[in-house]
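Descriptive analysis of the structure
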Amino acid sequence: MNLVLAWLYPDSMSIYGDRGNVIALTRRAEWRGIALEVWRLPKGARLDQLPDLVMFGGGQDREQRLIERDFLELKGETLVRAVEEDVPVLAVCGGFQQLGHGYRDADGSSIQGLGILDASTVAPSDKARRCIGNIVVEAHLPDGDATSGGVLVGFENHGGRTRLGKCEPLGRVLKGFGNNGEDGQEGARYRYCFGTYMHGSLLPKNPWFTDYLLLQALRRKYGPEITLEPLDDALELRAQSAAIARAR
Amino acid sequence: MQALPLRHTVAVAVGRAAGLASRRLRLGGGTTIPGAVARRIDARVTRHLAARLAGGCVLVSGTNGKTTTSRLLAAMLRGAGYRVVHNRAGANLMAGVTTALLSQHGDSGLFEVDEAVLPAAIRELKPRLVLCLNLFRDQLDRYGELNTLASRWQQALATLPASATAVLNADDPLVASIGASLACRTVFFGLETVDHRQTDMQHAADSLYCPRCSGQLDFEAVYLGHLGHYCCPICGWRRPDPSFALTGIRLDPAGPTQLRLRAESHELAIEANLPGLYNAYNVLAAAAAALTLGAAGEQVSAAVGGFTAAFGRTETMRLDGRQLRLMLAKNPVGCNEVIRTLLLDPDPLNLYLVLNDRVADGEDVSWIWDVDFELLAGRCRTVILGGTRAEDLAVRLKYAGFPTSELPLEGNQEAAIRALLARTPDGGRAYAVPTYTAMLDLRRTLTDMGAAGQFWED
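**Concerning the environment of Ala18(B)**
Residue and element names in this part refer to chain B. Position of Ala-18 relative to the elements: it lies in helix 1 (residues 6-24). C-alpha of Ala-18 to C-alpha of Ser-177: the two residues are 159 residues apart in sequence and 42 Å apart in space. For Ala-18, the residues in contact, after removing those within four places along its chain, are Ile-33, Pro-34 and Val-37.

**Notes on the sheet that holds strand 4 (residues 129-132) of chain B**
Residue and element names in this part refer to chain B. Taken in spatial order, the nine strands of this open sheet run 2-3-1-4-5-6-9-10-11, and their pairing is mixed. Looking at the sheet topology across the chains shown, the edges are occupied by strand 2 (84-86) and strand 11 (266-272). The sheet shows a mean angle of 20° between the axes of neighbouring strands, direction not considered. As paired elements, strand 2 and strand 3 (residues 108-112) share three bridges and run parallel to each other.

**Notes on the nonpolar core**
Core analysis: the biggest nonpolar cluster contains 149 residues, and Leu99(A), Phe209(A), Leu73(B), Leu131(B) and Phe373(B) have the highest contact counts within it. Counting residues per element, this core draws most heavily on helix 10 (residues 277-292) of chain B, which supplies 13 residues. For this core, the domains that each give at least three residues are domain 1 (44-305) and domain 2 (313-457) of chain B. Setting aside anything within four residues of it in sequence, one finds Leu131(B) in contact with Leu59(B), Val60(B), Ser61(B), Thr69(B), Leu73(B), Val167(B), Phe189(B), Ala285(B), Ala286(B) and Ala289(B). In this structure, Leu49(B), Leu59(B), Trp153(B) and Phe188(B) belong to the second largest nonpolar core, which totals 50 residues.

**Notes on the side chain of Asp357(B)**
With respect to the helices and strands, the residue Asp357(B) is situated in the loop between strand 14 (349-354) and strand 15 (380-386). We classify Asp357(B) as buried; its relative accessible area is 4%. Side-chain polar atoms of Asp357(B) contact the side chain of Arg389(B), separated by 2.9 Å. If we skip the residues at most four places from it in the chain, Asp357(B) touches Arg246(A), Gly362(B), Glu363(B), Val365(B), Thr388(B) and Arg389(B).

**Here we look at the packing of aromatic side chains**
Two aromatic rings are characterised by how far apart their centres lie and by the angle between their planes. Applying the stated criterion to the full structure yields 12 aromatic pairs over all chains. Ring plane angle 45° and centroid distance 5.8 Å describe the contact between Tyr9(A) and Phe56(A), whose orientation is recorded as tilted. In this pair, Tyr9(A) sits in the loop between strand 1 (2-8) and helix 1 (19-30) while Phe56(A) sits in strand 3 (residues 53-56), placing the two residues 47 residues apart along the sequence. Taken as a pair, Tyr9(A) and Phe56(A) share a single burial class, namely buried. Between Trp369(B) and Tyr399(B), the aromatic rings sit 6.0 Å apart at their centres with planes inclined by 65°, giving edge-to-face as the arrangement. With Trp369(B) in the loop between strand 14 and strand 15 and Tyr399(B) in helix 13 (residues 390-399), this residue pair connects regions lying 30 residues apart in the sequence. Using a relative accessible area of 0% as the deciding quantity, one classes Tyr399(B) as buried. Pairwise contacts between aromatic rings join Tyr192(A), Phe194(A), Trp208(A), Phe209(A) and Tyr212(A) into one cluster.

**Examining the interface of chain A and chain B**
Contacts between chain A and chain B engage 41 residues on the former and 37 residues on the latter. Together chain A and chain B conceal approximately 3500 Å² of surface at their shared face, both sides included; 51% is due to carbon and sulfur atoms. Summed over the shared surface of chain A and chain B, the number is 20 residue pairs in polar contact (both at pLDDT 80 or more). Among the secondary structure elements, those contributing two or more residues to the side of chain A that touches chain B are helix 1, helix 2 (61-84), strand 8 (131-140), strand 9 (149-158), helix 4 (202-205) and helix 6 (234-246) of chain A.

**Brief notes about the domain arrangement of chain B**
Residues and elements named next belong to chain B. Looking at the assigned domains, one finds that chain B contains domain 1 (44-305) and domain 2 (313-457). Interface area for domain 1 against domain 2, summed over the two sides, is near 2300 Å², with a carbon-plus-sulfur share of 49%. Across the contact surface, domain 1 and domain 2 share zero salt bridges. Put simply, domain 1 and domain 2 have three residue pairs in polar contact (both at pLDDT 80 or more) between them. For the side of domain 1 that touches domain 2, the secondary structure elements donating two or more residues are helix 4 (66-79), helix 7 (140-143), strand 7 (218-224) and helix 10. Within the side of domain 1 that touches domain 2, the residues separate by chemical class into 10 nonpolar, 12 polar and five charged.

**Section: helix 12 (residues 332-342) of chain B**
Residue and element names in this part refer to chain B. Most of helix 12 sits out of view: 11 of its 11 residues are buried. Those residues of helix 12 lying buried are Pro-332, Val-333, Gly-334, Cys-335, Asn-336, Glu-337, Val-338, Ile-339, Arg-340, Thr-341 and Leu-342. In this fold, the buried residues of helix 12 make contact with strand 7, helix 10, strand 13 (322-327), strand 14 and strand 16 (429-434).

Rules of the game
Residues numbered from 1 in each chain as written. Chains lettered and ligands numbered in written order. Predicted model: local features only at pLDDT ≥ 70, side-chain atom pairs only at ≥ 80, totals over all residues. Heavy atoms only, no water. Helix = DSSP H or I, 4+ residues; strand = E, 2+ residues; numbered from the N terminus. Contact = heavy atoms within 4.5 Å. Pairing = 2+ DSSP bridges. Axes fitted to C-alpha atoms, helices over the stretch in contact; angles between N-to-C directions. Core = buried A, V, L, I, M, F, W, Y, C linked by side-chain atoms within 4.5 Å. Buried < 20%, exposed > 50% of the residue type's maximum accessible area, 1.4 Å probe, protein only. Domains from an automatic or database assignment. Polar contact = N/O pair within 3.5 Å; in protein donor to acceptor, adjacent residues only side chain to side chain. Phe/Tyr/Trp six-rings, centres within 6.5 Å; stacked < 30°, edge-to-face > 60°. Buried area = accessible area lost by both parts, 1.4 Å probe. Salt bridge = Lys/Arg side-chain N within 4 Å of Asp/Glu carboxyl O. Nonpolar A, V, L, I, M, F, W, Y, C, P; charged D, E, K, R; others polar.

Here it is, written out as structure tokens:
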């Protein structure tokens, strides 16, 4: 079996270690004998074929502005189709905001998003605190089997406050701020497209979620009977507990 | 000279007394408390103290290399006859600068300042020279975003008069672009050598876009992180030509680094007991500032020749018949450079990696996923992990291709050092690679083990 992962803006939208998500997906596929090919799609590159997985990381405000048009014009159309066809997508922080309706800055300027996720982000005034710190979330995912729910731990660092419209959150905040620090929601989900504020990197310390994304990609491509061989996750789970213990 | 207000005199006296008390009582913190106390009493105490320095002040800032560069520069300036007041222990917020001003006598100030503090330091100290090293992604949880920081630097430097000088890194697009609209004199330094030149950018690199028109920059050469030779294919903006350049760099894992420096009209051979390409940049930056301030070429090379690194930055000590080398790694680019330096060692590596997530380290440890630990897989004999987030490091190394059975975690620093040395062959080399607060802890541990002196005494 093999998978193709489209990595959007690996150079400019990959701060705070979001590359770790790509590394985790690649390794955990590899350890099971599944080849995972990565398409690196920087500014200027067009996404025209459907990949099996999509990863879109966070960037600084300036980088988000720089890719705004490129994202809508060269990647947007295929990405919408991928989501509608149940390709798993993980978008972190800036990527999450741009899969939503976009981002409106305190000075009135705005970044237009793709609107796949019914999520709108507003930057509060300069004086407002950024949401920074370790975050623990109880996730709620579709398909109620044993691998579909659980705790996620990460690190958030965002100025923007996001509110959801009709879509579901990725989960409920146990510790930390989440989308806006007020409604207890973290991230967003539509079909298998997930937006989140969690860096950390998110996937290495939450191996069940990595496997959830891999399994969905494989089942979509090779059929619903596919299962994943379990791995020894002792180190990952120890790191997860240690990070949960650091969250205040 | 205008009489100073009584408040100033009281602030100075109380600040000094606080320093004396904290030393007597062995409370530590002697490098910041006096300044903090004095500033509480008189908010203008720092500017008054600085104004008394006839030779003016020099500031050094940047993400990586502040402490080593300012120590190098201090040695060069002393060699050139300056009597330098210097926050050499690396206390680089305004309280640390003020403490140095309160506790030392001299005719000139030399201060390393935190990136976020540079604007305040420029306002209060009215420097005659500001040395800007680099801007890397470091602790975004503390500083906010890189471009915001660069524009704050730009605004602060724009207040300097024509008599002042900004010494800027030509190889860092973000730093070099600051030089465009300044009233003061600008001087650039950079690397002009085929040695250690790469053509591929590391993942950890920042600032890939033109600071003027936001076009994607073309890099013809990359030396370290995003430092290199670049131009913008859209607006034509390019790296300024440096008037101080390294034209040759020879790194040797066992011996000193050999550098060839081109300074305006002449060439200089420099030998430095500092490993790694990042230290070549530090020497170049310090030399550019010292030569601009009137030091002679031979004073510069003599100062570098007699130099040993600040504690923890890169320090070599002997313990139990082994050589232990400490290398601070506090952000992705810095850590990648440490890895590049480790790879110069031809023997299997013996490593103790320590990752802390305290406030001064940055509480976000995501950055370890931007570090190319993959390069070390298969090159190590021993790896011991420690720090408040040792578990995260273990996962990172597992995913970098290290066998999981060879990743022991040791929470006790002394036990970790003992285990590291026990697994290092007699007469061999071992390396400790800590983050910032882990480095401070390690200092205490090694002091207790009899391997290092008191921090604030150096």
